[in-house]
Amino acid sequence: MAKIAPSILAADFSELGRDVRRLSSEGADYLHIDIMDGVFVPNISFGPDVMKSILGDAGAPFDVHLMITEPVRYIDRFVTDNTEFITVHYEACADLDATLKTIKEHGVKAGVSIKPGTEPDVLDAFLKDIDLVLVMSVEPGFGGQKFMDSSLAKIRYYKEKREEEGLGYVIEVDGGLSSANSHLVREAGADIIVAGSAVFKAPDMAAEIRGICG
Ligand code: DX5
Ligand code: ZN
């Protein structure tokens, strides 16, 4: 069974506290926090103050996905007692080693994401220092897009690599996932599944969450 990290990007921002409490009570393992800067991706979401405003409602740890250029500049802003993972994009970091080090110095687990057009082996030299690999199954920037099955070979790649090299990272996949297609990524080896619109649009949120986890 996979874990689920529902994305609050699909929540009703005027009722964010209510939606976050609902996610937690209906089975979210993590709360996926999508941060977009309008530069690395062509969209702007929200910043660390909004994330911190839901701390009192969050029954699950934060899984922060930074879609921002040179995220090393802002890592400390996303560190809270409830932050389990901070994930940065390989494509957004001039010095990935230093960025990972900065995340870990704050006592937070370090994740790295690759966009759909990025080959999985670019992370080979970093995998020993990575706690989470995030495979994007849509172009980052927007919720509600169609799942790209080119992500499946990448999930398999990271699963095999982890076995071969005896590494300990978890594999997460993000974009276009629902109870209808999540079996594909579970079978490929995903440990954590991100889902935004499917969770919030479902007539029965708890059933959708269970269906995604398998
Ligand atoms: C896309 C974000 C995703 C997005 C997922 O850039 O990283 O986390 O919110 O939304 P759905 O599940 O609707 O594709
Ligand atoms: Zn995300």
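What this report covers is the structure whose coordinates are included nearby. A quick note: this is a predicted structure, and the numbers were derived from the prediction, not measured. (Residues numbered from 1 in each chain as written. Chains lettered and ligands numbered in written order. Predicted model: local features only at pLDDT ≥ 70, side-chain atom pairs only at ≥ 80, totals over all residues. Heavy atoms only, no water.)

Glycine aside, the phi torsion of most residues is negative, and most peptide linkages are trans. Although it is not a glycine, Glu70 adopts a positive phi angle of roughly 45°. In this structure, Glu70 sits in the loop between strand S3 (62-67) and strand S4 (83-89). (Helix = DSSP H or I, 4+ residues; strand = E, 2+ residues; numbered from the N terminus.)

Once that is clear, we can look at the coordination of the zinc ion (ligand 2). Ligation of the zinc ion (ligand 2) by protein atoms is provided by His32 (NE2), Asp34 (OD), His65 (ND1) and Asp174 (OD), these donors lying 2.1 to 2.3 Å from the ion. Classification of the site at the zinc ion (ligand 2) rests on its six donor atoms, whose angles at the metal span 70 to 170°, yielding the label octahedral. On the primary sequence, the residues serving as donors to the zinc ion (ligand 2) are separated as H-x1-D-x30-H-x108-D. You can see Asp34 sitting in strand S2 (residues 31-36) and its partner Asp174 sitting in strand S7 (residues 170-174), a full 140 residues away along the chain. Each member of the pair, Asp34 together with Asp174, is buried. (Donors = N, O, S within 2.8 Å, 3.2 Å for Na, K, Ca; no water. Tetrahedral: all angles 85-135°; square planar, octahedral: opposite > 155°, others 65-115°. Buried < 20%, exposed > 50% of the residue type's maximum accessible area, 1.4 Å probe, protein only.)

Quick look at the environment of Lys146 now. Along the chain, Lys146 turns up in the loop between strand S6 (132-136) and helix H4 (151-165). Linking Lys146 and Phe78, residues 68 residues apart in sequence, is a C-alpha distance of 29 Å. Sequence-distant contacts of Lys146, that is, excluding residues within four places in its chain, are made with Ser137, Val138 and Gly176. (Contact = heavy atoms within 4.5 Å.)

A few words now on the layout of surface pockets. One number sums up the size of the largest pocket: a volume of about 360 Å³. Lining the largest pocket are 26 residues, and of these Phe142, Gly143, Gly144, Gly196 and Ser197 sit closest to its centre. For the lining of the largest pocket, a count of residues per class yields twelve nonpolar, eleven polar and three charged. (1 Å grid on protein atoms, 1.4 Å probe; cavity = no way out; pocket = protein on both sides within 12 Å on 5 of 7 lines; lining within 4 Å. Points joined across faces, edges and corners; volume = space filled by probe spheres on them. Nonpolar A, V, L, I, M, F, W, Y, C, P; charged D, E, K, R; others polar.)

By the secondary structure assignment, Ser7 is in the loop between strand S1 (3-6) and helix H1 (16-25). On the accessibility criterion, Ser7 (4% relative accessible area) is buried. Contacts of Ser7, omitting those with residues within four sequence positions, involve His32, Asp34, Val194, Ala195, Gly196 and Phe200.

Take the site of ligand 1 next. Within the structure, ligand 1 sits among 20 residues, and Asp34, Gly141, Asp174, Gly196 and Ser197 are positioned closest to it. Side-chain polar atom of His32 to an oxygen atom of ligand 1: 3.4 Å apart, as the coordinates give it. Gly196 is positioned with one of its backbone polar atoms (N or O) 2.7 Å from an oxygen atom of ligand 1. Notes on ligand 1: free accessible area 380 Å², of which the protein chains cover 98%. When atom positions are compared with the pocket grids, ligand 1 is found to occupy the largest pocket. Looking at the shell around ligand 1, the elements with two or more residues in it are S2, S3 and strand S8 (192-195). Classifying every residue of the shell around ligand 1 gives eight nonpolar, ten polar and two charged. (Near = heavy atom within 4 Å. Polar contact = N/O pair within 3.5 Å; in protein donor to acceptor, adjacent residues only side chain to side chain. Areas by Shrake-Rupley, 256 points an atom, 1.4 Å probe, with all protein chains shown as cover. Sits in = over half its atoms within 2 Å of the grid points.)

Residues Leu31, Ile33, Val64, Leu66, Leu123, Tyr158 and Val185 are the most contacted members of the largest nonpolar core, which totals 57 residues. Element by element, the count of residues in this core is highest for helix H7 (residues 205-213), at four residues. Those residues in contact with Val185, other than ones at most four positions away along the chain, are Phe147, Leu152, Ile155, Val173, Leu177, Ala190 and Ile193. Residues Ala5, Tyr30, Met136 and Ile192 belong to the second largest nonpolar core, which totals nine residues. (Core = buried A, V, L, I, M, F, W, Y, C linked by side-chain atoms within 4.5 Å.)

On to the packing of aromatic side chains, then. Enumeration according to the criterion identifies four aromatic pairs in this entry. A centroid spacing of 5.4 Å and a plane angle of 85° characterise the contact between Tyr157 and Tyr158, whose relative ring orientation is edge-to-face. Residue class for Tyr158 comes out buried when judged on its relative accessible area of 0%. Taken together, a centroid distance of 6.5 Å and an interplanar angle of 90° make the contact between Tyr158 and Tyr169 edge-to-face. One end of the pair, Tyr158, is in helix H4; the other, Tyr169, is in the loop between H4 and S7, with eleven residues separating them in the sequence. (Phe/Tyr/Trp six-rings, centres within 6.5 Å; stacked < 30°, edge-to-face > 60°.)

This part takes up the pairing of S3. Two faces belong to every sheet, and in a regular strand the side chains alternate between them. Of all six residues in S3, six are buried; the element is thus mostly enclosed. Once the chain exits S2 it traverses helix H2 (residues 48-53) before rejoining the sheet at S3, and the crossover so formed is right-handed. Pairing of S3 with S4 involves four bridges; the strand directions are parallel. Residue His65 lies in a different strand from S4, and its bridge partner there is Thr87. (Right-handed = clockwise from strand over helix to strand, strands pointing away. Pairing = 2+ DSSP bridges.)

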